Amino acid sequence: MSLPSLPFVKSKHNIGLVRIWDAYGMLVVFAALFVVCAIFVPNFASYINMKGLGLAMSMSGIVACGMLFCLASGDFDLSIASVIACAGVTTAVVINKTDSLFVGILAGLMVGVICGLVNGLVIARLKINALITTLATMQIVRGLAYIFSDGKAVGVAKESFFFLGSASWFGLPAPIWLTILCMVIFGFLLNKTTFGRNTLSLGGNEEAARLSGVPVVRTKVIIFVLSGLVSAIGGIILASRMTSGQPMTSIGFEMTVISACVLGGVSMKGGVGKISYVVAGVLILGTIENAMNLLNISPFTQYVVRGLILLAAVIFDRYKQTGQGAI
């Protein structure tokens, strides 16, 4: 009588292992990667490098929170890098003209909100493909950044603005704390709110979500507004760290953020996403890039490596979907 139950027990055990790996597997990969780098990469584990690594990952960590929601809903946002540049430039220009930090930062945030609102309305209301829409706004917003700055870096005269990027709280730079706060907020939104459940349901099956009463247009608009907002926050922090607004900064950064999300486990087809995936992906990608810099690997070779990582992440995403379907 006990023999027929064995396959069921084994299957149940396997499913449990799959779920554990799904939740924490990439964090284990990061831990192993970190140990290897600490042993074999010179100066990797030094305090100065750890601080620099944290600052480098803070930017991608903040922006990836918005990309998480875009991917989870079945879309993506290619305009984030342009928003980062334009928000930084706008903040610098407005601070110089008004001598007000509040007005300048508010203007920079509004760049992200307006861009996200345009993306959301065009994609959700007019049903234009996200690739075409965000590719267009990517060009428009980058062009505006060059126009606002006259094609060159805009220094900020008000030194108190630099506090945001240079301050340290409890031994850690302020941008790292802001990244942690952002991830906590977005993790709560995704896992504990109706908005988060609606986001995942859109990515799973948009038509079924619509029939079940999910406000599709409103949800998509909010998602893209949030993506634009966190990109603007990242741009303002970057401008503070660089003491200027740079119109040419972050070119290609959207690929880094998408790579980090997908590498961590967020599905490009939508319906699957957790903040732990974003944390793992950002940590792994940031560690690899940092190790390559310490090893003096050519920037051209680094482009190849980043492309291979993105390709591997997409293949892994496809393999995981096939495996889950089989289970």
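Owing to the predicted nature of the structure, the values given are computational and were not obtained by experimental measurement. Each residue is numbered by its place in its chain's sequence as written, counting from 1. Under the rules for a predicted model, residues below a pLDDT of 70 receive no local features and side-chain atom pairs below 80 are neither given nor counted, while totals for whole chains, interfaces and linings still include all residues. Calculation of side-chain values draws on the structure's entire complement of heavy atoms; hydrogens and water are dropped beforehand.

Draft legend 1. Seen up close, the overall build of the chain. Think of it this way: any DSSP run of H or I at least four residues long counts as a helix, any run of E at least two long counts as a strand, and we number them from the N terminus. Regarding its fold elements, the chain presents 13 helices and 4 strands. In this description the radius of gyration comes from C-alpha coordinates, and the expected globular size is given by 2.2 Å times residues to the power 0.38. For 327 residues, the compact-globule formula gives about 20 Å, and the C-alpha radius of gyration of the chain, at 21 Å, lands near that figure. When the 327 residues of the chain are sorted by exposure, 47% land in the buried category. Contact definition: two residues touch when any of their heavy atoms are within 4.5 Å. Once local pairs closer than 6 in sequence are excluded, the contacts in the chain between residues at least 24 apart make up 78%. In the structure as shown, the chain presents an accessible area of about 16000 Å², 72% of it carried by carbon and sulfur atoms. His residues and chain termini do not enter the charge count, which takes Lys and Arg as positive and Asp and Glu as negative. Where a charge lies is defined by one atom per residue type: Lys uses NZ, Arg uses CZ, Asp uses CG and Glu uses CD. Distance between charge centroids for the chain: 8 Å, based on 21 positive and 11 negative side chains. Relative accessibility decides the category of a residue: with a 1.4 Å probe and only protein chains considered, values under 20% of the type maximum give buried, values over 50% give exposed, and everything between is partly exposed. To measure how exposed things are, a 1.4 Å probe is used in the Shrake-Rupley method; for residues, cover is taken only from the protein chains shown.

Draft legend 2. Region of interest: the pattern of salt bridges. Any carboxyl oxygen of Asp or Glu that lies within 4 Å of a side-chain nitrogen of Lys or Arg is treated as forming a salt bridge with it. The full count for this structure, using the stated rule, is 7 salt bridges. We note a salt bridge from Asp150 to Lys152, for which the minimum N-O separation is 3.1 Å. What makes Lys152 partly exposed here is its relative accessible area of 47%. Linked by salt bridges that have partners in common, Asp75, Glu206, Glu207, Arg210 and Lys220 make up one network.

Draft legend 3. Region of the structure containing unusual backbone geometry. One non-glycine residue, Ser250, adopts positive backbone phi at about 65°. Residue placement: Ser250 occurs in the loop between β4 (244-245) and α11 (253-264). Here the phi dihedral of Asn296 falls at roughly 60°; this positive angle occurs in a residue that is not glycine. Among the secondary structure elements, Asn296 is positioned in the loop between α12 (275-294) and α13 (299-326).

Draft legend 4. Representation of the nonpolar core in the model. Here the nonpolar core consists of buried residues drawn from Ala, Val, Leu, Ile, Met, Phe, Trp, Tyr and Cys, with membership extended through side-chain atoms lying within 4.5 Å. Counting residues in each nonpolar core, the largest one holds 52 residues, and the members touching the most others are Met67, Phe186, Val257, Cys261 and Val278. Secondary structure elements with two or more residues in this core: α1 (5-40), α2 (47-72), α3 (80-98), α7 (174-192), α10 (216-242), α11, α12 and α13. Looking at this core element by element, the count peaks at 12 residues for α2. Not counting residues within four places of it along the chain, the set of residues in contact with Cys261 comprises Ala64, Met67, Leu68, Leu71, Val266 and Val278. Grouped together as the second largest cluster of nonpolar side chains are 10 residues, Ala92, Ile95, Val154 and Val156 included.

Draft legend 5. Here's a closer look at the confidence of the model for the chain. For the chain, per-residue confidence averages 88 on the pLDDT scale, and residues scoring 70 or more make up 90% of the total. For every residue, the predictor assigns a confidence score, pLDDT, that lies between 0 and 100. Ignoring residues within four places in sequence, the model shows residues 1-10, a span with pLDDT below 50, making 0 contacts including any to other chains.

Draft legend 6. A look at a nonpolar patch on the surface. Where nonpolar side chains cluster on the molecular surface, the patch consists of Phe163, Trp169, Phe170, Leu172, Trp177, Ile180 and Val184 and spans about 740 Å² of accessible area. When residues of the nonpolar patch are assigned to their parent elements, the largest contribution, 3 residues, is made by α7. One can find Phe163 in helix α6 (residues 163-166). Here Phe163 falls in the exposed class, since its relative accessible area comes to 51%. In this scheme, patches are assembled from residues that exceed 30% relative accessible area and form no salt bridge. Like charges are connected within 9 Å, while nonpolar side chains (Val, Leu, Ile, Met, Phe, Trp, Tyr) are connected within 5 Å.

Draft legend 7. Geometry of the packing of aromatic side chains. Stacked, edge-to-face and tilted labels apply to pairs of Phe, Tyr and Trp rings (six-membered ring for Trp) whose centres lie within 6.5 Å, assigned for plane angles under 30 degrees, over 60, and everything in between, in that order. The full count for this structure, using the stated rule, is 6 aromatic pairs. Relative to Phe34, the ring of Phe30 has its centre 5.9 Å away and its plane inclined at 55°; by these criteria the two rings are tilted. Linking Phe30 with Phe34, this pair stays in helix α1, spanning 4 residues, or about one helical turn. You can call Phe34 partly exposed: its relative accessible area is 26%. Here the aromatic residues Phe30, Phe34 and Phe44 are joined through ring pairs into a cluster of three or more. Between the NZ or CZ atom of Arg306 and the centre of the ring of Tyr303, over which it lies, the distance is 5.6 Å. Only when the NZ of Lys or the CZ of Arg is both within 6 Å of the ring centre and within 35 degrees of the ring normal is a charge said to sit over the ring.

Draft legend 8. Local environment of the packing of helix α4 (residues 101-125) against α10. To get an axis, a line is fitted to the C-alpha atoms, and for a helix only the part in contact is used. The angle between two axes follows their N-to-C directions and goes from 0 to 180 degrees. Between α4 and α10, the least distance of the axes is 7 Å, while the angle of their chain directions is 150°. Relative to α10, the element α4 lies roughly antiparallel. Once α4 is placed against α10, the crossing between them reads as right-handed. Classification convention: Asp, Glu, Lys, Arg as charged; Ala, Val, Leu, Ile, Met, Phe, Trp, Tyr, Cys, Pro as nonpolar; all other residues, Gly among them, as polar. Grouping the amino acids of the contact of α4 with α10 by side-chain chemistry returns 15 nonpolar, 6 polar and 2 charged. When describing relative orientation, an angle under 35 degrees is termed roughly parallel and one over 145 degrees roughly antiparallel, while 65 to 115 degrees is termed roughly perpendicular and anything else oblique. By convention the crossing between two helices is left-handed if the near helix lies anticlockwise of the far one by an angle smaller than a right angle, and right-handed if it lies clockwise.

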